[in-house]
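Inside the fold
Single-letter residue listing:
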Amino acid sequence: VDRMFIGNAPHLGSIGLAGITISYPVTLVLMALSLMAGVGGATRFSIALGAKQDEDAKFYQGNSLMITVIFGLVFMIFGNLFMDPILTVLGASESVLPHARAYLSIILYGAVFQCVAMCGNNFSRAQGNARNAMVSQLLGAGFNIVFDYIFMFSMGLGLSGAALATAFSPAVTMTICSTHFLSKKNQVEFQWKRPSIRHLVSCCQLGISAFVGELSSAIITIIFNMLILDIAGNVGIAAYGVIANLSLVVMSIFNGLAQGA
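Quick notes on the rules
- Residues numbered from 1 in each chain as written.
- Predicted model: local features only at pLDDT ≥ 70, side-chain atom pairs only at ≥ 80, totals over all residues.
- Heavy atoms only, no water.
- Axes fitted to C-alpha atoms, helices over the stretch in contact; angles between N-to-C directions.
- Helix = DSSP H or I, 4+ residues; strand = E, 2+ residues; numbered from the N terminus.
- Parallel < 35°, antiparallel > 145°, perpendicular 65-115°, else oblique.
- Nonpolar A, V, L, I, M, F, W, Y, C, P; charged D, E, K, R; others polar.
- Buried < 20%, exposed > 50% of the residue type's maximum accessible area, 1.4 Å probe, protein only.
- Contact = heavy atoms within 4.5 Å.
- Core = buried A, V, L, I, M, F, W, Y, C linked by side-chain atoms within 4.5 Å.
- Salt bridge = Lys/Arg side-chain N within 4 Å of Asp/Glu carboxyl O.

**Side note on the packing of helix 2 (residues 13–50) against helix 9 (residues 197–260)**
- The N-to-C vectors of helix 2 and helix 9 enclose an angle of 170°; their axes lie 7 Å apart at closest approach. With respect to helix 9, the element helix 2 is oriented roughly antiparallel.
- The class makeup of the residues in the contact of helix 2 with helix 9 is 30 nonpolar, 13 polar and two charged.

**Quick look at the side chain of threonine 221**
- Along the chain, threonine 221 turns up in helix 9.
- Of the residues examined, threonine 221 reaches a relative accessible area of 10% and is grouped as buried.
- Not counting the four nearest positions on each side in its chain, threonine 221 is found in contact with Thr21, Pro25, Leu28 and Tyr240.

**Observations regarding the nonpolar core**
- Ranked by size, the top nonpolar core spans 43 residues in total, and within it Ile6, Ile22, Phe75, Leu87, Tyr103, Leu104 and Met152 carry the most contacts.
- Secondary structure elements with two or more residues in this core: helix 1 (2–7), helix 2, helix 3 (54–81), helix 4 (83–89), helix 5 (97–109), helix 6 (111–126), helix 8 (158–178) and helix 9.
- Considering each element in turn, this core owes the most residues, 10 residues, to helix 2.
- Apart from residues lying up to four places away in sequence, tyrosine 103 is in contact with Asp2, Ile20, Ser23, Leu159, Ala162, Ala163 and Thr166.

**Some points on the pattern of salt bridges**
- Taken as a whole, this structure holds two salt bridges when the rule is applied.
- Note that arginine 198 is salt-bridged to aspartate 56, the shortest N-O span being 3.5 Å. Of the two residues, arginine 198 sits in helix 9 while aspartate 56 sits in helix 3, which places them 142 residues apart along the sequence.
- Take arginine 198: its relative accessible area is 54%, and that puts it in the exposed class.
- For aspartate 84, the salt bridge identified is with arginine 101, shortest N-O distance 2.8 Å. Remark: arginine 101 occurs in helix 5 and aspartate 84 occurs in helix 4; sequence separation between them is 17 residues.
- For aspartate 84, a relative accessible area of 31% puts it in the partly exposed group.
- The exposure class assigned to arginine 101 is partly exposed, which follows from its relative accessible area of 31%.

As C-alpha cells, this is what we get:
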C-alpha cells in the first residue's frame, strides 16, 4: 500500500519507491526474528498444552513475547544510531539516501509493535482463535490504507506520512490481537515469565526454519538491489520494488496455506 501511494505521488514517484525498496531488507530481518520467536514459541506452546503442561505453556508464551519486545527495541535503537551506514551498505545512492532515511527511521520506531503483533498473532492461532488473528491483521491493514492517504495527501506529510501509517498499523493489530487473552477463548492465562534459556532455545530451534526463510528473502532483495543499481540505477530499483510486491501478494497465499497446515 505504501508503494502504491508513494509511486503515484507526483513529488516522489520512482525516487520514493527506490528509497523504501532499499530500506525494505531491514524490515525483513526484523520480521525473520519475530517469526522465529512467534512460530517456534507458538508451536512449543501448542505441544505443551496438548501434554497438559500448562506451566511450560506459560513460559513459552511469556518468553516468546518478551524476546520479541527486546528484538524490536534493539532494532529501534541501533537502527537509528547507524541509519546512514546501514542504508549505504544496502546500496542507497546520495539521491535516494534522504528518502530511505526519512522512511526507515519512522518505521523503526514502530518495531516493537510489529514484533509483538506478529508474535501474538501466532499465539492467538495456536489456541484455535484464527478469527481473532485474521481480524486483527485486516484492521491493521485497513488502518494503514486509510491513514496512508490522510497523512500523505490530506496532511501533506509525503513519505513520512506513509511511514507513520505503516509504523502505527501494527499497534492496531497488536491491540486487537491482545483482546484474545482477555476473552473466554483464552486457554492459558497470560503471564510475563522470568527469562528461561531452555524455553527460549527450544522456541528458536523450532522457529529457525521460518527465520531462515524470511532472512533469505532479505538477502535476495539486497543482492538484487545492488545488481539492479549498477544496471539501471534508481529507476531500476523502483521497478524491482513494484515486481517484488506483486510476488509477495502471490506468496502470501501459499504462506497462509502452509501456516494453516
